[in-house]
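Coordinate inspection notes
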Amino acid sequence: KVYVGDIIFHGHPNEDSGGFQLNAEAYVGDWQLLEDPVASPVYADEAELTSLDLPPMYLMAGASESILGDSILVSQKIASYGHTVHVDV
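These lines cover the structure that appears in this document, whether it is placed above or below. Owing to the predicted nature of the structure, the values given are computational and were not obtained by experimental measurement.

Before going further, it helps to examine the overall build of the chain. Secondary structure summary: the chain contains three helices and two strands in total. Tracing the chain from N to C terminus, the helices and strands come up as α-α-β-α-β. A total of 89 residues make up the chain; the buried ones form 19% of that total. Nonlocal contacts in the chain, meaning residues at least 24 apart in sequence, comprise 51% of its contacts between residues at least 6 apart. When the accessible surface of the chain is split by element, carbon and sulfur atoms take 57% of a total near 6500 Å².

The end-to-end C-alpha distance of helix α3 (residues 68-80) is 18 Å, a good match for the 18 Å that 13 residues give at a rise of 1.5 Å each. All buried positions along α3 are accounted for by Leu68, Ser71, Val74, Ser75 and Ile78. Angularly, the buried residues of α3 cover 130° about the axis, an arc narrow enough to put them on a single face. For α3, the exposed residues set more than 90 degrees away from the buried face come down to Leu73 and Ser80. If you follow the buried residues of α3, they end up packed against β1 (57-60) and β2 (85-88). Just downstream of α3, glycine 82 is the residue with a positive phi angle, here 85°.

When the local axis directions of helix α1 (residues 13-28) are compared, the greatest deviation, roughly 35°, occurs at glycine 19. Directly beyond the C-terminal end of α1, a positive phi value near 90° is found at glycine 29.

With that out of the way, let us pick up the pairing of β2. One ladder, built from four bridges, connects β1 with β2; its direction is parallel. When the sheet's bridge partners are listed, methionine 57 is paired in β2 with valine 85. A crossover connection joins β1 to the parallel β2 through α3; in handedness this β-α-β unit is right-handed.

Looking now at the environment of serine 51. In this fold, serine 51 is placed in helix α2 (residues 46-51). For the pair serine 51 and tyrosine 81, spaced 30 residues apart in the sequence, the C-alpha separation amounts to 9.8 Å. Here alanine 47 takes part through its backbone oxygen, which lies 2.8 Å from a polar atom of the side chain of serine 51.

Inspection of the secondary structure assignment puts serine 80 in helix α3. Residues serine 80 and alanine 26, 54 residues apart in the sequence, show an inter-C-alpha distance of 30 Å. Among the polar contacts listed, one links the side chain of serine 80 to the backbone oxygen of lysine 77, at a separation of 2.7 Å.

Conventions adopted
- Throughout this document, residue positions are counted from 1 along each chain, in the order its sequence is written.
- Restriction of local features to residues with pLDDT of at least 70 applies here, the model being predicted, together with a cutoff of 80 or more for giving and counting side-chain atom pairs; totals for whole chains, interfaces and linings are based on all residues.
- Values shown for side chains rest on all heavy atoms present in the structure; no hydrogens or waters enter the calculation.
- In this text, helices come from DSSP runs of H or I with a minimum length of four residues, and strands from runs of E with a minimum of two, each type numbered from the N-terminal end.
- Relative accessibility under 20% of the residue-type maximum defines a buried residue, over 50% an exposed one, and the middle range a partly exposed one, all with a 1.4 Å probe and only protein chains included.
- Contacts were defined at the residue level, with two residues in contact if any of their heavy atoms lie within 4.5 Å.
- All accessible areas in this document rest on Shrake-Rupley with a 1.4 Å probe, and a residue is counted as covered only by the protein chains that are shown.
- One fewer than the residue count of a helix, multiplied by 1.5 Å, yields its expected span.
- Each C-beta atom gives one direction from the helix axis, and the arc is the one those directions make.
- To get the bend at a given residue, fit one axis to the seven residues ending there, fit another to the seven starting there, and take the angle between those axes.
- By the convention used here, strands pair only if DSSP detects at least 2 bridges between them.
- When the strands point away from the viewer, a crossover counts as right-handed if the route from the first strand across the helix to the second turns clockwise.
- Counted as a polar contact is a pair of N or O atoms within 3.5 Å, where, for protein atoms, one must be capable of donating a hydrogen and the other of accepting one, and residues adjacent in sequence contribute only when both atoms are in side chains.

Following this line, the structure appears as structure tokens:
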């Protein structure tokens, strides 16, 4: 049998929320940084996105990955402020 889905999180997102939290904390190193726009542009506000000279951004997510929705939302937010973004699914 071949598994199709997220390679780390195999359950429903509600079931995997604790794992998401631990994974995110491991990534940023400190739970207080989880909503820092440098660590995650999803938390950048209009002032930050319009005042910065951002390089083109590239986001990639698999069609069955848990982060697909977040990748699309972040790319739309960044593009809505005039920045170049490319998403591969």
